[in-house]
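# Report on the structure
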Amino acid sequence: MSLKDDLNQIKENGLVKIESSKSVKELNDQIRVDLLGKKGLITQTLRGISNLPVEERPEMGSYANSIRDTLQVAIDNKAQELEEKELNEKLKSEKIDVTLPENKVIKGHPHVIQQIVDQIDDLFLGMGYEVLSGPEVEEDVYNFEMMNLPKDHPARDMQDTFYITDEILMRTQTSPMQARTLEKHDFSKGPLKMISPGLVYRRDTDDPTHSHQFHQVEGIVIDENITMADLKGTLEVMIEELFGDKFDVRLRPSYFPFTEPSVEVDITCFKCMGKGCSVCKGSGWIEVLGAGMVHPNVLKMAGVDANEYGGFAFGLGPDRFAMLKYGVTDIRDFYLNDLRFLSQFN
Ligand code: PHE
């Protein structure tokens, strides 16, 4: 048999093998290697060329190359065909059944107190207030002294707290943010309108209505010609936003060292709607926050001219709001992180 016959034979057998191949892997790993590889049939056969007379070698060489090309093209075509087929089979077998029930993803939601705070933030932002947060570890100067509570003031007793040093403590109220913002505010640029939500601390024994840690939102408005009517109007808007329009607001005289006059703010009892019941102890009213006109001493200590500027401040407890709004009877439930309780407020 001549070299040419050998090559033809390799081609014929090779094409049959390629055509009947069943997988891309077989085609590449076996057939391609057997035919065209370094130790493959074509290479082996080409070694015989050196036995031919010199003038016949080029022709045989190019004949062998053309057969190699033919086989190469056949393998590539078949490989493409098989790849498509394999892909289609894979697509068919891995088809997604969209009618199967989904794997439920459990979605969280903000804590109920945070929901109330967010609502308050939104409302006051809409009325042109800034929303600021202040330090929970606070200086005695801001927490007490600049709030008109000098070192020996008896009203400090009601707000005993955790002391870091003699001068640094866990803040007992968000009111120090009044002093902090008053001190910085440039009144030539307009009035001060600010709320400040955050955590406060007191040396309280925890019980259903007391927690050593709870939330407050401070509010302050200082400008020329601010009156108590502005305070009442602002509080009415807030109560309506948070509780609905069925609640009346009542101001009752009270005392805070940093406001004069001071008021305790009551709203219609949510339980009896004013008739008198056990929740409101028969009065028909429930106390929801403290407020008043900012004391001139507070303004003076922060470097503000108390003859020219004045205004109101208030401090409310989102914990208390949440308890009233949802009928929660134990403040500690907010802080125990029991999902059975918290997930009710989704
Ligand atoms: N800081 C007061 C408290 O914690 C509340 C309050 C704030 C009262 C602002 C008047 C004005 O009890």
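Right above here is the structure, for reference.
None of these values were measured; they are calculated from a predicted model.

### Considering the overall build of the chain
Across its full length, the chain holds 11 helices and 9 strands. In terms of overall dimensions, the chain is more spread out than a globule: its C-alpha atoms have a radius of gyration of 42 Å, far above the 20 Å expected for 346 residues. Principal-axis analysis of the C-alpha atoms gives the chain an extent of 125 × 45 × 40 Å. Looking at the 346 residues of the chain, the share that counts as buried comes to 42%. Sequence separation of 24 or more characterises 68% of the internal contacts of the chain that already satisfy a separation of 6 or more. Accessible surface, the chain: about 19,800 Å² in total, of which carbon and sulfur atoms supply 52%.

### A short note on the pattern of salt bridges
What the rule picks out here adds up to 16 salt bridges. Between Arg32 and Asp76 there is a salt bridge, and its shortest N-O distance comes to 3.3 Å. With a gap of 44 residues between them, Arg32 in helix α2 (residues 24-36) and Asp76 in helix α4 (residues 57-93) connect regions that are remote in the sequence. In this structure, the salt-bridge partner of Lys151 is Glu167, at a minimum N-O distance of 3.2 Å. Of this pair, Lys151 sits in the loop between α6 (140-143) and β3 (168-170) while Glu167 sits in the loop between α6 and β3, and the two are 16 residues apart along the sequence. Take Lys151: its relative accessible area is 45%, and that puts it in the partly exposed class. In this structure Glu167 comes out as partly exposed when scored by relative accessible area, which is 37%. Residues joined in a network through salt bridges with shared partners are Asp140, Glu145, Lys151, Arg156 and Glu167.

### Side note on the pairing of strand β5 (residues 213-223)
In terms of burial, β5 is largely enclosed, as 9 of its 11 residues are buried. With 7 bridges connecting them, β5 and strand β9 (residues 310-316) associate as antiparallel partners. Within β9, the position partnered with Val217 by the bridge is Leu316.

### As for the layout of surface pockets
Taken as a whole, the largest pocket spans an internal volume of roughly 1,000 Å³. Counting only elements with at least two residues in the lining of the largest pocket, the list comes to β5, β6 (249-256), β7 (259-268), β8 (285-294), β9 and α10 (318-326). It is β8 that contributes the most residues to the lining of the largest pocket, 6 residues altogether. Here the lining of the largest pocket is composed, by residue class, of 16 nonpolar, 15 polar and 7 charged. Lining of the second largest pocket is provided by 19 residues; of these, Thr209, Val279, Ile286, Arg320 and Leu324 occupy positions nearest its centre. Within the lining of the second largest pocket, the residues separate by chemical class into 9 nonpolar, 4 polar and 6 charged.

### Digging into the site of the ligand
In the vicinity of the ligand lie 15 residues, with Gln173, Ser175, Arg202, Gln216 and Gly315 positioned nearest. In this structure, Gln173 approaches the ligand through a side-chain N or O atom, which is 2.8 Å from a nitrogen atom. Between Arg202 and the ligand, the recorded distance is 2.9 Å, taken from a side-chain N or O atom to an oxygen atom. Contact with the protein chains covers 92% of the free accessible surface of the ligand, which is 320 Å². One can see that the ligand is located within the largest pocket. Those elements that place two or more of their residues in the shell around the ligand are β5, β8 and β9.

### Quick notes on the sheet that holds strand β4 (residues 192-201)
Taken together, 7 strands build an open sheet; the order of strands is β1-β4-β5-β9-β8-β7-β6 and the sheet is mixed. The sheet terminates laterally at β1 (130-131) and β6, the two strands that pair on one side only. Here β4 pairs with β5 via 10 bridges, running antiparallel. What sits directly across from Val200, in β5, is Phe214. Contacting β1, β4, β5 and β9, helix α5 (residues 112-126) crosses the sheet at an angle of about 170° to β4.

### A short note on the nonpolar core
The tendency in soluble globular proteins is for nonpolar side chains to be buried side by side. If you look at the biggest cluster of nonpolar residues, it comprises 47 residues, and the most contacted ones within it are Met238, Val288, Leu289, Phe314, Phe321 and Phe334. The element that contributes the greatest number of residues to this core is α5, accounting for 7 residues. Look past the residues within four positions of Phe314 in its chain and what remains in contact with it is Phe124, Ile195, Val217, Glu218, Gly219, Leu231, Leu235, Leu289, Gly290 and Ala291.

### With respect to the packing of aromatic side chains
A complete count under the given rule lists 10 aromatic pairs for this structure. For the pair Phe312 and Phe314, a centre-to-centre distance of 6.5 Å together with 25° between the ring planes defines the contact as stacked. In this structure Phe312 comes out as buried when scored by relative accessible area, which is 2%. By relative accessible area, which is 1% here, Phe314 ends up buried.

### Here's the deal with α10
Turning to α10, its buried residues number three or more, namely Pro318, Asp319, Phe321, Ala322, Met323 and Leu324. On the buried face of α10, the contacting elements are α5, β5, α8 (228-243), β8 and β9. Where α10 ends, the next residue or the one after it, Gly327, has phi of about 65°, a positive value.

The rules we used
- Residues numbered from 1 in each chain as written.
- Predicted model: local features only at pLDDT ≥ 70, side-chain atom pairs only at ≥ 80, totals over all residues.
- Heavy atoms only, no water.
- Helix = DSSP H or I, 4+ residues; strand = E, 2+ residues; numbered from the N terminus.
- Rg over C-alpha atoms; globule rule 2.2 N^0.38 Å.
- Buried < 20%, exposed > 50% of the residue type's maximum accessible area, 1.4 Å probe, protein only.
- Contact = heavy atoms within 4.5 Å.
- Areas by Shrake-Rupley, 256 points an atom, 1.4 Å probe, with all protein chains shown as cover.
- Salt bridge = Lys/Arg side-chain N within 4 Å of Asp/Glu carboxyl O.
- Pairing = 2+ DSSP bridges.
- 1 Å grid on protein atoms, 1.4 Å probe; cavity = no way out; pocket = protein on both sides within 12 Å on 5 of 7 lines; lining within 4 Å.
- Points joined across faces, edges and corners; volume = space filled by probe spheres on them.
- Nonpolar A, V, L, I, M, F, W, Y, C, P; charged D, E, K, R; others polar.
- Near = heavy atom within 4 Å.
- Polar contact = N/O pair within 3.5 Å; in protein donor to acceptor, adjacent residues only side chain to side chain.
- Sits in = over half its atoms within 2 Å of the grid points.
- Axes fitted to C-alpha atoms, helices over the stretch in contact; angles between N-to-C directions.
- Core = buried A, V, L, I, M, F, W, Y, C linked by side-chain atoms within 4.5 Å.
- Phe/Tyr/Trp six-rings, centres within 6.5 Å; stacked < 30°, edge-to-face > 60°.

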